[in-house]
Amino acid sequence: MKEQILSFLPPEYPWKDRLFVFPELDSTNNRLKVLASQGAPHGTVLIADRQTGGRGRMGRSFLSPPGVGIYMSILLRPECAPQELMHLTCAVAAAMCRAVECAAGLRPGIKWTNDLVIGKRKVCGILTEAAVGLETGTLNYMVLGAGLNLYPPAEGFPEEIQSIAGSVLERSCPEAKNRLVGEFLNRFWDFYSHPECRAYLEDYRARSLAIGRNVTVLSAGKAVSAYAYGIDDDFRLLVRYENGDTEALSYGEIRIQLDESAP
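Because the structure is a prediction, the values reported are computed rather than measured.

Draft legend 1. View of the sheet that holds strand β2 (residues 45-48). Strand order across the open sheet formed by 7 strands is β1-β2-β3-β7-β6-β5-β4, with mixed pairing between neighbours. Each having just a single partner strand, β1 (19-22) and β4 (109-111) make up the two edges of the open sheet. Pairs of neighbouring strands in the sheet enclose a mean axial angle of 20°, with direction left out of account. In terms of strand pairing, strand β6 (residues 121-132) meets strand β7 (residues 139-149) through 9 bridges, oriented antiparallel. Residue pairing for β7: Glu129 is matched across the bridge by Val143. Taken strand by strand, helix α3 (residues 85-104) contacts β3 (69-76), β4, β5 (115-118), β6 and β7, and its axis lies near 30° from that of β7.

Now the structure itself:
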């Protein structure tokens, strides 16, 4: 699989010797964090065909059966403040959307902050984890993980997620996985190597499923209705509550009522 992925990457892609493919890992994020603490270099990428302990945001498990998904993590050692990590998370989301569009001809939408949705169903989740120096407050490294449902599991999605989980393709397609990984890495590297362009910001906004919709903000055990009217330059979701108050959300979770016309 590695050689096939590399065939979809441009000659100038700089991290070709840092790409590793495994038949199974407990979690690509977990394994890469261990390697990062041992000195693994910037740009290391781990890909697994199956995860036995895949994780999503808020400690949720992420279904990772063999042969049907893309489970991967990228190690970065950027020279930036911890509060800028959201920019890179959103760059991953925008890059994965472009990769899906190129490889499968479908246009995913982004449910803030980092879920990719086709129709009404989630097809990809992104998990960002970082290590910050306690004394310096500077970023030691960050691990960006993405789990994408390329095909539906042979036995179907578990009952508890059948109504919300989907896949990019309905049936196996030769080279689809390798091409999609290659397209994603190429687009993310382009975003990452040209931060001054901020092209992923406008792409992220254009694909947002929240802007212009009524949403439910889930925070501190409460569910509050609001209207999402924008995303600022720091990728914070701008919402207006029913009492007229506004807020820029930098973290948390929202619920959106999607219809079949959603991207």
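Next comes the rest of the description.
Draft legend 2. Seen up close, the environment of Glu170. Mapped onto the elements of the fold, Glu170 is located in the loop between β7 and α4 (176-193). With 70 residues separating them in the primary sequence, Glu170 and Val100 have C-alpha atoms 14 Å apart.

Draft legend 3. Geometry of the layout of surface pockets. What the largest pocket holds in volume is close to 1200 Å³. Along its surface, the largest pocket is lined by 47 residues, and Arg60, Asp115, Lys122, Ile161 and Ile164 are the ones closest to its centre. At the level of elements, α2 (28-37), β3, β5, β6, β7 and β12 (253-256) are the ones that each hand at least two residues to the lining of the largest pocket. Its residues assigned to classes, the lining of the largest pocket comprises 20 nonpolar, 16 polar and 11 charged.

Draft legend 4. Main features of α4. Across its 18 residues, α4 extends 26 Å between first and last C-alpha, which sits within 8% of the 26 Å expected from 1.5 Å per residue. Counted residue by residue, α4 has 13 buried out of 18 residues, so it is predominantly covered.

Draft legend 5. Layout of empty space enclosed by the protein. Under the counting rule described, the total for this entry stands at 1 cavity of 30 Å³ or more. If you add up the space inside the largest cavity, you get close to 40 Å³. Looking at the largest cavity, the residues that line it are Leu63, Pro65, Val68, Tyr71, Asn149, Tyr151, Pro153 and Phe157. Each residue belonging to the lining of the largest cavity can be placed in one class, and the counts come to 7 nonpolar, 1 polar and no charged.

Draft legend 6. Examining the sheet that holds strand β11 (residues 246-249) more closely. Reading across the sheet, the 5 strands line up as β11-β10-β9-β8-β12 and stay open at both edges, with antiparallel pairing between neighbours. Looking along the sheet, the strands with just one partner apiece sit at the ends: β11 and β12. The sheet shows a mean angle of 45° between the axes of neighbouring strands, direction not considered. Where strand β10 (residues 237-241) and β11 come together, 4 bridges link them in antiparallel fashion. Among the inter-strand pairings, Leu237 is bridged to a residue of β11, identified as Leu249.

Parameters at a glance
- Residues numbered from 1 in each chain as written.
- Predicted model: local features only at pLDDT ≥ 70, side-chain atom pairs only at ≥ 80, totals over all residues.
- Heavy atoms only, no water.
- Pairing = 2+ DSSP bridges.
- Helix = DSSP H or I, 4+ residues; strand = E, 2+ residues; numbered from the N terminus.
- Axes fitted to C-alpha atoms, helices over the stretch in contact; angles between N-to-C directions.
- Contact = heavy atoms within 4.5 Å.
- 1 Å grid on protein atoms, 1.4 Å probe; cavity = no way out; pocket = protein on both sides within 12 Å on 5 of 7 lines; lining within 4 Å.
- Points joined across faces, edges and corners; volume = space filled by probe spheres on them.
- Nonpolar A, V, L, I, M, F, W, Y, C, P; charged D, E, K, R; others polar.
- Expected span 1.5 Å × (residues − 1).
- Buried < 20%, exposed > 50% of the residue type's maximum accessible area, 1.4 Å probe, protein only.

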